[in-house]
Amino acid sequence: LAVLKEQGLTADAVISGIPFSMIPSEIRERIVKNTYELLKTKGVFATYQMFPPSASKDTCLKPLLEKYFRLERIGYELRNIPPL
């Protein structure tokens, strides 16, 4: 993201599988903020997450995303294929 910002580029969409629930909150905030700043006005940020059993799916990332984005849809899938 930093390289794109340095070049003055913007994005129509960012798709992320970054494991936000497993990184420190300061870094998580910086990534989401930089993503917001990189996107064009009507840009889309789509992220998919796996939450560890100790994390709440509604409190782990949702409040941070709501700080920067208007959430369109959140879905949950209880079934998965290992290793996820």
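Rules used throughout
Residues numbered from 1 in each chain as written. Predicted model: local features only at pLDDT ≥ 70, side-chain atom pairs only at ≥ 80, totals over all residues. Heavy atoms only, no water. Helix = DSSP H or I, 4+ residues; strand = E, 2+ residues; numbered from the N terminus. Buried < 20%, exposed > 50% of the residue type's maximum accessible area, 1.4 Å probe, protein only. Contact = heavy atoms within 4.5 Å. Areas by Shrake-Rupley, 256 points an atom, 1.4 Å probe, with all protein chains shown as cover. Salt bridge = Lys/Arg side-chain N within 4 Å of Asp/Glu carboxyl O.

Visitor: Just to check I follow, could you spell out the overall build of the protein chain for this structure?
Guide: Looking only at helices and strands, the protein chain features three helices and two strands. The order of helices and strands in the protein chain, counted from the N terminus, is α-β-α-β-α. Within the protein chain, the proportion of its 84 residues that are buried is 21%. Restricting the contact set of the protein chain to residue pairs at least 6 apart, pairs at least 24 apart contribute 75%. Of the roughly 6,600 Å² of accessible surface on the protein chain, 57% is carried by carbon and sulfur atoms.

Visitor: I'm lost on the pattern of salt bridges in this one. Help?
Guide: What the rule picks out here adds up to four salt bridges. Two residues, Lys40 and Asp12, come together in a salt bridge whose shortest N-O distance is 3.2 Å. In this pair, Lys40 sits in strand β2 (residues 39-47) while Asp12 sits in strand β1 (residues 11-16), placing the two residues 28 residues apart along the sequence. Classification of Asp12 as exposed rests on a relative accessible area of 52%.

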